[in-house]
Amino acid sequence: MNLFSHFCSALLIVSLVSCQGTRELSEVPSGAQPLTHTLIDQGAYSSIETPMNVWIEDYATFSTLWEQMHKNQTPTLTAPEVDFSAQAVVASFMGMKPNGGHTARISLIAIQDGKAYVVVQQVSPGPDCFTTDAITYPFIMAAVNRSAIKDHQFIVQSSVNNCE
């Protein structure tokens, strides 16, 4: 069982999180209203090797994921406080990439009829880009007000940065 399957299986047992693989889904409905979100963490070096998108609604699950994604960093980073009575955390992990230049961005979180749409943009470097030869694990994590959210969907968009 890979990390994604193990982590998501463990989290789904408590019914407070959902994991979706990295795949393209439908578009955001035209009537959806944007929600503000707060960046928690973003970078190229998580310890999550498998692509996944995660919606978290409790601190214990968030803390477990935080420890997993930062397990190779010294000094150990403490998970930031999140008010899970009012917020959810969304996270997107691109998995292992063979070089630098890959980034994950949350371009929009919007809501319509109680369903949140989390649009994640995964950007890869084009063939003319200068990149490091280091293996990277790009990710992004943000908090969003969940008071009106009853369901959610990740929409993953892939693009290439042409560095001409």
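Scroll up to find the structure this text is about.
All residue numbers refer to position in the chain's written sequence, counted from 1. Where totals are concerned, whole chains, interfaces and linings use all residues; where local detail is concerned, this predicted model gives features only for residues with pLDDT of at least 70, and gives and counts side-chain atom pairs only at 80 or more. Only hydrogens and water are removed before side-chain values are computed, so all heavy atoms of the structure are retained for them.

Sorry, what's going on with the state of the cysteines here?
Here a disulfide denotes a covalent bond joining the sulfur atom of one cysteine to the sulfur atom of another. By convention in this document, the label disulfide applies to cysteine sulfur atom pairs within 2.5 Å. Scanning the model with the defined rule gives one disulfide in all. Across the disulfide, Cys129 is cross-linked to Cys163 (sulfur-sulfur distance 1.9 Å). Of note, the bridge from Cys129 to Cys163 carries an S-S torsion of about 85° and is right-handed in sense. With Cys129 in the loop between β7 (115-125) and β8 (139-145) and Cys163 in the segment after β9 (151-161), this pair connects stretches of sequence that are 34 residues apart. Comment: elements are numbered from the N terminus, with helices defined as DSSP H or I runs of at least four residues and strands as E runs of at least two.

Whenever I open this one, unusual backbone geometry confuses me. Can you help?
For residues other than glycine, phi is negative in most cases, and the peptide bonds are mostly trans. Backbone torsion omega between Thr74 and Pro75 reads 0°, so that peptide bond is classified as cis. In the Ramachandran plot, Asp113 falls in the positive-phi region, its phi being about 50° despite a non-glycine side chain. Within the fold, Asp113 resides in the loop between β6 (103-112) and β7. Relative accessibility under 20% of the residue-type maximum defines a buried residue, over 50% an exposed one, and the middle range a partly exposed one, all with a 1.4 Å probe and only protein chains included. Judged by relative accessible area, which is 78%, Asp113 ranks as exposed.

What exactly am I supposed to notice about the packing of aromatic side chains here?
The relative placement of two aromatic rings is captured by the distance of their centres and the angle of their planes. Two rings belonging to Phe, Tyr or Trp (six-membered ring only in the last case) form a pair when the distance between their centres is within 6.5 Å. Interplanar angles under 30 degrees mark stacking, angles over 60 mark edge-to-face geometry, and anything in between is tilted. Applying the stated rule across the entire model yields five aromatic pairs. Pairing Phe62 with Trp66 gives two aromatic rings, centres 6.0 Å apart and planes at 45°, and the pair type is tilted. Highlighted residues: Phe62 and Trp66, both in helix α2 (residues 59-69), separated by four residues, approximately one helical turn. The pair Phe62 / Trp66 is uniform in exposure class, with both members buried. For the pair Phe62 and Phe84, a centre-to-centre distance of 5.8 Å together with 55° between the ring planes defines the contact as tilted. With a gap of 22 residues between them, Phe62 in helix α2 and Phe84 in the loop between α2 and β5 (87-93) connect regions that are remote in the sequence. For Phe62, a relative accessible area of 0% translates into the label buried. Owing to a relative accessible area of 8%, Phe84 belongs among the buried residues under this scheme. Here the aromatic cluster, defined as three or more aromatic residues joined through ring pairs, consists of Tyr59, Phe62, Trp66 and Phe84.

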